[in-house]
Amino acid sequence: MQPVAKIATGLVLVFGAVRFNGFDLLFDPVGWALCVAGLDQLRRSDRDLPGRAMLVAVVMIFVSLFATLAVPAITEESMATQVIGLANGGGGLVAVWLITDAVIQRLRGHGDVARVARLDVLRWAVAGLGAIVMLAERGDAVLGDVVLIGWLSAVVVLVVVFYRWAGLPCLAAVRRPATESDKPVP
């Protein structure tokens, strides 16, 4: 599977919800792990943009795991559940921003200005509308379902775009030079 297709599949698992008895069957940590796997194939080093996005996605594995397991165990709406919810939601938006920025960087390096512009608009829509949705869930903003539908639409379009562009040569996996530990033992 191409790196960007792995990322798109991971985002489907993270932002999709199939509930059974209140439990989301699309386990978010697995989605973030797929994003990590795709970003690992795109990175050249730990310090480049895919490497930094990968680090945030790794953190999101643990944040979403904690949110999935700890929040249902807390019986009352407390400050802890709000903090966990904000960390999970806000961290997810930051991760999507950085992931999209990593893809934009690869496209920009190959002179693909039209695709860069589309992804730039999509990441602003996902992050901006997502932040408004998070505020609305806390009760800080009353905007109705229109903003939620707009945010979900932006996420769906981002995922579809990632799947459609996954086969582009500029988004292929990076071949890193072999290290001493990768060489076969004689």
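Sequence order as written defines residue numbering, which begins from 1 separately in each chain. For a predicted model such as this one, the threshold for reporting local features is a pLDDT of at least 70, and the threshold for listing and counting side-chain atom pairs is 80 or more; totals across whole chains, interfaces and linings nevertheless cover every residue. Side-chain metrics rest on all non-hydrogen atoms present in the structure, leaving aside hydrogens and water.

(A) Main features of the overall build of the protein chain. Helix numbers and strand numbers start at the N terminus; a helix is a DSSP run of H or I with at least 4 residues, a strand a run of E with at least 2. When helices and strands are tallied, the protein chain shows 6 helices and 2 strands. Beginning at the N terminus, the succession of helices and strands in the protein chain can be written as α-β-β-α-α-α-α-α. Looking at the protein chain residue by residue over its 186 residues, the buried ones come to 41%. In this description, contact between two residues means that some pair of their heavy atoms is separated by no more than 4.5 Å. Within the protein chain, contacts between residues separated by at least 24 positions form 70% of all contacts whose residues are at least 6 apart in sequence. To sort residues, take the accessible area from a 1.4 Å probe on protein chains only and compare it with the maximum for the residue type: under 20% means buried, over 50% means exposed, and anything in between is partly exposed.

(B) Up close: the side chain of Lys6. Relative to the helices and strands, Lys6 is located in helix H1 (residues 3–15). Charge convention: Lys and Arg are scored as positive, Asp and Glu as negative, and His as well as the terminal groups of each chain are ignored. A carboxyl oxygen of Asp or Glu within 4 Å of a side-chain nitrogen of Lys or Arg is what we treat as a salt bridge. In this structure, Lys6 is buried with no salt-bridge partner, the nearest side chain bearing the opposite charge being Asp40 at 8.0 Å. Among all residues touching Lys6, those that are not within four sequence positions of it are Met1, Leu34, Cys35, Ala37, Gly38 and Gln41.

(C) Seen up close, the side chain of Thr9. Note that Thr9 resides in helix H1. Polar contacts involving the side chain of Thr9 include one to the main-chain carbonyl oxygen of Ala5, which spans 2.9 Å. Among all residues touching Thr9, those that are not within four sequence positions of it are Met1, Leu34 and Tyr163. Here a polar contact is recorded for every N or O atom pair within 3.5 Å, except that within protein the pair must consist of a potential hydrogen donor and a potential acceptor, and residues adjacent in sequence are included only if both atoms are side-chain atoms.

(D) View of the packing of helix H5 (residues 113–138) against helix H6 (residues 145–165). Axis definition: a line fitted to C-alpha atoms, limited for helices to the stretch in contact. Angles are taken between N-to-C directions and run from 0 to 180 degrees. Between H5 and H6, whose axes approach to 9 Å, the crossing angle comes to 145°. Considering only the axes of H5 and H6, their crossing is left-handed. Each of Arg115, Arg118, Leu119, Leu122, Ala125, Val126, Leu129, Gly130, Ile132 and Val133 in H5 lies in contact with H6, whose residues at this interface are Val147, Leu148, Gly150, Trp151, Ala154, Val155, Val157, Leu158, Val161, Phe162 and Trp165. Amino acids are sorted into nonpolar (Ala, Val, Leu, Ile, Met, Phe, Trp, Tyr, Cys and Pro), charged (Asp, Glu, Lys and Arg) and polar (every other residue, Gly among them). Residues belonging to the contact of H5 with H6 are distributed by class as follows: 17 nonpolar, 2 polar and 2 charged. In this scheme, a crossing is called left-handed if the near helix is turned counterclockwise away from the far one by less than a right angle; it is called right-handed if the turn is clockwise.

(E) Spotlight on the nonpolar core. Nonpolar cores are built from buried Ala, Val, Leu, Ile, Met, Phe, Trp, Tyr and Cys residues. Side-chain atoms within 4.5 Å join them into one set. Counting 44 residues, the largest nonpolar core has Trp32, Leu107, Leu119 and Phe162 as the members making the most contacts within it. Secondary structure elements with two or more residues in this core: H1, helix H2 (28–42), helix H3 (49–70), helix H4 (79–109), H5 and H6. At 9 residues, the largest contribution of residues to this core is made by H6. Once residues lying within four places of it in the same chain are set aside, the contact partners of Leu119 are Thr100, Val103, Ile104, Leu107, Leu158, Val161, Phe162 and Trp165.

(F) The arrangement of the environment of Ala67 in detail. Within the secondary structure, Ala67 sits in helix H3. Along the primary structure Ala67 and Thr81 are separated by 14 residues, whereas in three dimensions their C-alpha atoms are 8.3 Å apart.

(G) Expanded view of the packing of aromatic side chains. Each Phe, Tyr or Trp ring (for Trp, its six-membered ring) is paired with any other whose centre lies within 6.5 Å, and the angle between the two planes then decides the class: stacked below 30 degrees, edge-to-face above 60, tilted in between. In total, this model carries 2 aromatic pairs according to the counting rule given. Both rings, one in Phe15 and one in Trp151, keep their centres 5.6 Å apart while their planes meet at 80°; by these two values the pair is edge-to-face. Here Phe15 is found in helix H1, whereas its partner Trp151 is found in helix H6, with 136 residues between them in sequence. By relative accessible area, Phe15 is classed as partly exposed at 23%.

Just geometry here; none of it tells us what the structure is for.
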